[in-house]
Amino acid sequence: TMPPALGIALLYALLTPSLSERKDAVLRLNKDVLSDALTGSLRQGNTLQGALGEVPLGSGRPSTDESGDLLRGLGGGLLGGGGGLLVAGCWAQSHHSWCLPRCPCRLRIVELTLPRVSLRLLPGIGVHLNLYTRVALNAKSLLGLLDIAVEVNITSRVRLTMDGTGYPKLVTERCDTLLGGIKVRLLRGLLPVVDNLLASVLNRLLPNLLCPVVDVALGLVNDQLGLVNSLVPLGLLGSIQYTVSSLPLVTGQFLEVDLNTVVGQVAGGLVDYPLGKTEAVPTPPWVPMPPLPPMVDTSSSQLGLSVNFLSSVLSVLQKEGALDLDISTGMFPELPPLTTSTLGALVPAVFEAYPESHELLLKIAVPEAPVVTLKKNKGVIQLMATAEVMVIHPDDVQRSLCLLNINTSLLAQFSVEDNKLKIGVSLENVTKRPLSLLQVSLLEMLVDQIFDVAFLPAMNSVLGVGVPLPRLLNIDFTSADIDVMEVSAQAFPE
């Protein structure tokens, strides 16, 4: 079972813009995650079934590998009753001898227990894999039913590569089998036999039978590895594309995968990129991603997300208009009626201009992409917004009454649910600057109330939908420990 400890680090780099090649996310996993994935693939019904079935041992004609001599080899070591001895398929007793006709013989694998998986990481290469299993075989011969039970260790050296389309892939370089205890019975247990030649034959046969099981299991794991290259929705109109940026790094402790992210709007036709290219959204200048902090031994996986990635997500939401909000009377019961009468009680000039009460519409817009800053244990989002007060005239004609610039600093809290990064914001401070001649100080209380009651809950509702995190080998970061870090690039070697 995989250790429960998971970690996410949100990283902001200081200094040294040439720290590393471009990447926006880093995903690490330890050998237990790989082991669990391989065990899961072996549990799938068709993986082991492929090894079951008949295997020709020859037709009695001479063979170069001696596999056709199985019965003769067995007979050569079999002592019969009455002093008889079966030699090369012939029975000799007293002064007479005769030979059994040579027969076609087929060896059948009838049972293969679920292998016990152990592995270790090979730095710079991949994985050394060991599978321990028990194999039950039988064969029909002129001597009767031959039953064989053998313990097998399958060892394989597996290299981690990248295929031509940019997907990580585990490839078997070498596969061998080592036989343990062999138990052989003839005539349904009446005559126990252990024969060296049988072991020799099985040593030559079983790699061809069992090593394909490793390949099938690795193929299923590769299917899961390929899912890290994915195109996932962000809200209704946005998307995130994760792609592996370079050959994954293998150390003695973990496997590390660097990811590029493209956060954009789903606009126009998708093209093969290879996952489908989205319309790019302008983002703030790229900030290099520093190395992840050391991965503790108790962690099964670790994910690092850069400030670039978070900024890109907010940029898409801003461009979609998802952060904009129109507020009218009755939408929020906590607010006073949004009318010229309410506003006129604060600003006499409004009452003079509109002695008869008119409905108001408050249009809050975010015209520029928010700026994300990560500091130690703290995320800050700088957001520039405008609040325009519109007077609704007959026939739904809207006329601007005033426009405010609002500069807000929001504290960001992060959590993970359903493998999505959830962001919650709260107000740190707000400053307001007028673009009209109205006296803003008289409106501050109303604007602050609108911000607290309407805008922040609406923004939290948008951000609370969550940002889908990359998936690798079915890792789910739900309830993971999250560290917000401000990392000095000079603290790490390149």
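Residues numbered from 1 in each chain as written. Predicted model: local features only at pLDDT ≥ 70, side-chain atom pairs only at ≥ 80, totals over all residues. Heavy atoms only, no water.

The protein chain carries the name BPI fold-containing family B member 4 in an unreviewed UniProt entry, which gives Spheniscus mendiculus as its organism.

S.K.: Explanation requested: the overall build of the protein chain in the structure shown.
M.R.: The helix and strand tally for the protein chain stands at eight helices and 26 strands. The buried share among the 494 residues of the protein chain stands at 48%. Looking at the protein chain as shown, the accessible area adds up to about 23,700 Å², and 55% of this sits on carbon and sulfur atoms. (Helix = DSSP H or I, 4+ residues; strand = E, 2+ residues; numbered from the N terminus. Buried < 20%, exposed > 50% of the residue type's maximum accessible area, 1.4 Å probe, protein only. Areas by Shrake-Rupley, 256 points an atom, 1.4 Å probe, with all protein chains shown as cover.)

S.K.: How do you make sense of the state of the cysteines when you look at a structure like this?
M.R.: Working definition of a disulfide: a covalent bond connecting the sulfur atoms of two cysteines. With the rule as written, the count across this model stands at one disulfide. Bridging cysteine 175 to cysteine 211, the disulfide has an S-S length of 2.0 Å. In this structure, the disulfide formed by cysteine 175 and cysteine 211 twists by about -90 degrees around the S-S bond and is classed as left-handed. Taken together, the residues cysteine 175 in strand S11 (residues 168-186) and cysteine 211 in helix H4 (residues 196-226) connect sequence positions 36 residues apart. The pair cysteine 175 / cysteine 211 is uniform in exposure class, with both members buried. (Disulfide = S-S within 2.5 Å.)

S.K.: Is there a simple way to think about the environment of alanine 139 in this case?
M.R.: For alanine 139, the location among the structural elements is in strand S9 (residues 126-141). Exposure remark for alanine 139: the relative accessible area of 1% places this residue in the buried category. For the pair alanine 139 and leucine 107, spaced 32 residues apart in sequence, the C-alpha separation works out to 4.7 Å.

S.K.: Just to check I follow, could you spell out the packing of aromatic side chains for this structure?
M.R.: Here the distance between the centres and the angle between the planes together describe a pair of aromatic rings. Taken as a whole, this structure holds two aromatic pairs when the rule is applied. Taking the centre distance of 4.7 Å and the plane angle of 40 degrees together, the rings of phenylalanine 451 and phenylalanine 455 count as tilted. Of this pair, phenylalanine 451 and phenylalanine 455 both sit in helix H8 (residues 444-463), four residues apart, which is roughly one turn of the helix. One exposure class covers both phenylalanine 451 and phenylalanine 455, and it is buried. (Phe/Tyr/Trp six-rings, centres within 6.5 Å; stacked < 30°, edge-to-face > 60°.)

S.K.: How do you make sense of the pairing of strand S21 (residues 371-375) when you look at a structure like this?
M.R.: Here is the key point about a regular strand: its side chains alternate between the two faces of the sheet. Only one face of S21 is covered, namely the one carrying Val372 and Leu374; the face carrying Val371, Thr373 and Lys375 has none of its residues buried. Both S21 and strand S22 (residues 378-393) contribute to a ladder of five bridges, which runs antiparallel. Looking at S22, one finds that leucine 374 is bridged to glycine 379. The hairpin turn running from S21 into S22, its antiparallel successor, is two residues long, and asparagine 377 in that turn takes a positive phi close to 60 degrees. (Pairing = 2+ DSSP bridges.)

S.K.: Quick question: what am I supposed to make of the side chain of threonine 386 here?
M.R.: As for its position among the elements, threonine 386 is in strand S22. Overall, threonine 386 belongs to the buried group, its relative accessible area being 18%. For threonine 386, the contacting residues outside a window of four places in its chain are Lys363, Ile364, Ala365, Pro367, Leu403, Leu404 and Asn405. (Contact = heavy atoms within 4.5 Å.)

S.K.: Could you clarify how one ought to interpret the environment of lysine 319 in this entry?
M.R.: One can find lysine 319 in helix H5 (residues 307-320). Lysine 319 gets classed as partly exposed once you look at its relative accessible area, which sits at 40%. For lysine 319 and glycine 238, which are 81 residues apart along the polypeptide, the C-alpha to C-alpha distance reads 9.7 Å.

S.K.: Explanation requested: helix H1 (residues 31-43) in the structure shown.
M.R.: Since the α-helix turns once every 3.6 residues, residues separated by three or four places project in the same direction. With 13 residues, H1 ought to run about 18 Å at 1.5 Å a step, and its terminal C-alpha atoms sit 18 Å apart, in line with that. Where H1 is concerned, the buried positions are Val33, Leu34, Ser35, Ala37, Leu38, Thr39, Ser41 and Leu42. (Expected span 1.5 Å × (residues − 1).)

S.K.: Where do I start with H5 in this structure?
M.R.: Taking 1.5 Å of rise per residue, the 14 residues of H5 would be expected to cover 20 Å, and the 20 Å separating its terminal C-alpha atoms lies within 8% of that figure. For H5, a buried count of 13 out of 14 residues is recorded, marking the element as mostly surrounded by other parts of the structure. Glycine 321 sits one or two residues past H5 and shows a positive phi near 85 degrees.

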